[in-house]
Amino acid sequence: MTDRIPFIRPSFPDPSDVSRAYEQIVEANWFTNFGPCERRLGLAMGEMLGEDVHVATFANGTLALVGALSVVLGRGDHSQYVLVPAFTFAAGPQALLWAGYRPAFVDIDRESWQPDVASARAIVEADPDGCAGILLANTLGTGNPTVDAWEEFATERGLPLVIDSAAGFGSAYTSTRAVGVAGTCEVFSMHATKPFGVGEGGAVVTHDPALVERLEQFQNFGFGPGRDSTMLGINAKLSELSAAIGLLQLERLSSRLDGRRATLAAYVRAMGPAGMTVLPNSHRAALGCGSFRAGSADHRAAVMRSLSAADVEARNYYNPPVHRHRYFAEQHALSAQDALPETEALCDEVVSLPIHDDMAADDVERVIEAVVSCR
Ligand SMILES: *Cc1c(COP(=O)(O)O)cnc(C)c1O
């Protein structure tokens, strides 16, 4: 009998460290509303990204997306569309509906698995006035190595570029550019299942300090100075205890990510020759999981059966793609010419493998064995 290998095993700070942080919060008698821990966390996250960036923390990643879209694009009346990949988590397309826009789903590029700028260009050329902006996503938190092509497209068209990098805090686009510094702003989640997790939390990162100020008004009932509502807002503030956990998580992040990347490297070495292709740029990613493409739908089915028999919990993210979720299929059905062939093809073949901090060598070997046995 072996133990089941879970898909995700969150790694949180030692309870004694959290307890000390909580004592200080009680001592300060300041539990939320931009307290000292929240202020420190925003600064520390910005410093880690290394360029001149500013951070607005949020209660979760989805509210951070709603805030970023509402403030950057302005609230819509559902007459305009926003470009968004279907190969992403449902929160992005849902957030843009909350902000008052319709999704226009773009396909992905076969090689990079990232949103394809040519697909976006075709949509905008057919209806230039209907487009309000772009909600790009870094696929599975992995930095799009050609994000600059999107930045050029956005500039050329005068479109705001919001990037959903939810699972990707700690990822990089290239050896010199961190995920977090591209576009108009980037959005992160600190959900417990993400590599940088606090429980529930989120953040928006931008070069524009005035945008951070607006985002902080948005998340605090739209209050400007003097508790005067100056805009439509909501309550989406990060609590002090969550921020304190975030500060402790930040200290451990880079060594934790090293462990995850070592596991990915072992997977790639063994699985590449067995017909499994890794998501490009994964070696620079924060790695909530290991994302691979099997050679065919049958190959994927065999791999999933083999993993299950070996008591390894695996997934296939993001299958189904968002345009096939029931609500979106009913409300925002795609016409034949809007088909997303590369998204559909990848969804038939994608395999998501568990990656934890410091995975035991036996566990890594068990995952590899189960996968390579079905080449
Ligand atoms: C996790 C995730 C979100 C949602 O973040 P929450 O903090 O859970 O609200 C949004 N987009 C993507 C791509 C995600 O992976």
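Here we summarise the structure given alongside this text. Note that the coordinates shown come from a computational prediction; the quantities given were computed from them, not determined experimentally.

### What to know about the environment of Glu151
Within the fold, Glu151 resides in helix 6 (residues 147-157). In this structure the C-alpha to C-alpha distance between Glu151 and Leu43, which are 108 residues apart in sequence, comes to 25 Å. Residues contacting Glu151, with those up to four places away along its chain left out, are Leu161, Arg177, Ala182 and Gly183.

### Quick word on the pattern of salt bridges
Under the defined criterion, the tally for this structure stands at 14 salt bridges. Measuring nitrogen to oxygen at the nearest pair gives 2.7 Å for the salt bridge that ties Arg315 to Glu313. Assessed through its relative accessible area of 31%, Arg315 is described here as partly exposed. Within this structure, Glu38, Arg39 and Glu216 form a network of salt bridges that share partners.

### Some remarks on the packing of helix 8 (residues 240-271) against helix 12 (residues 361-372)
In contact at an axis separation of 10 Å, helix 8 and helix 12 are set at 25° when each is read in the N-to-C sense. By the angle between their directions, the pair helix 8 and helix 12 is classed as roughly parallel. The hand of the helix 8/helix 12 crossing is right-handed. The residues of helix 12 that touch helix 8, namely those facing Thr263, Ala266, Tyr267, Ala270 and Met271, are Val364, Val367, Ile368, Val371 and Val372. Looking at side-chain class alone, the contact of helix 8 with helix 12 contains nine nonpolar, one polar and no charged residues.

### Some points on the sheet that holds strand 14 (residues 350-354)
Spatially, 12-13-14 is the arrangement adopted by the three strands of the open sheet, whose pairing is antiparallel. This sheet does not close on itself; its edge strands, each paired only once, are strand 12 (277-278) and strand 14. The pairing of strand 13 (residues 289-293) with strand 14 spans five bridges and is antiparallel. The residue bridging Gly290 from the neighbouring strand is Leu353, located in strand 14.

Parameters and conventions
- Residues numbered from 1 in each chain as written.
- Predicted model: local features only at pLDDT ≥ 70, side-chain atom pairs only at ≥ 80, totals over all residues.
- Heavy atoms only, no water.
- Helix = DSSP H or I, 4+ residues; strand = E, 2+ residues; numbered from the N terminus.
- Contact = heavy atoms within 4.5 Å.
- Salt bridge = Lys/Arg side-chain N within 4 Å of Asp/Glu carboxyl O.
- Buried < 20%, exposed > 50% of the residue type's maximum accessible area, 1.4 Å probe, protein only.
- Axes fitted to C-alpha atoms, helices over the stretch in contact; angles between N-to-C directions.
- Parallel < 35°, antiparallel > 145°, perpendicular 65-115°, else oblique.
- Left-handed = near helix turned anticlockwise from the far one by under 90°.
- Nonpolar A, V, L, I, M, F, W, Y, C, P; charged D, E, K, R; others polar.
- Pairing = 2+ DSSP bridges.

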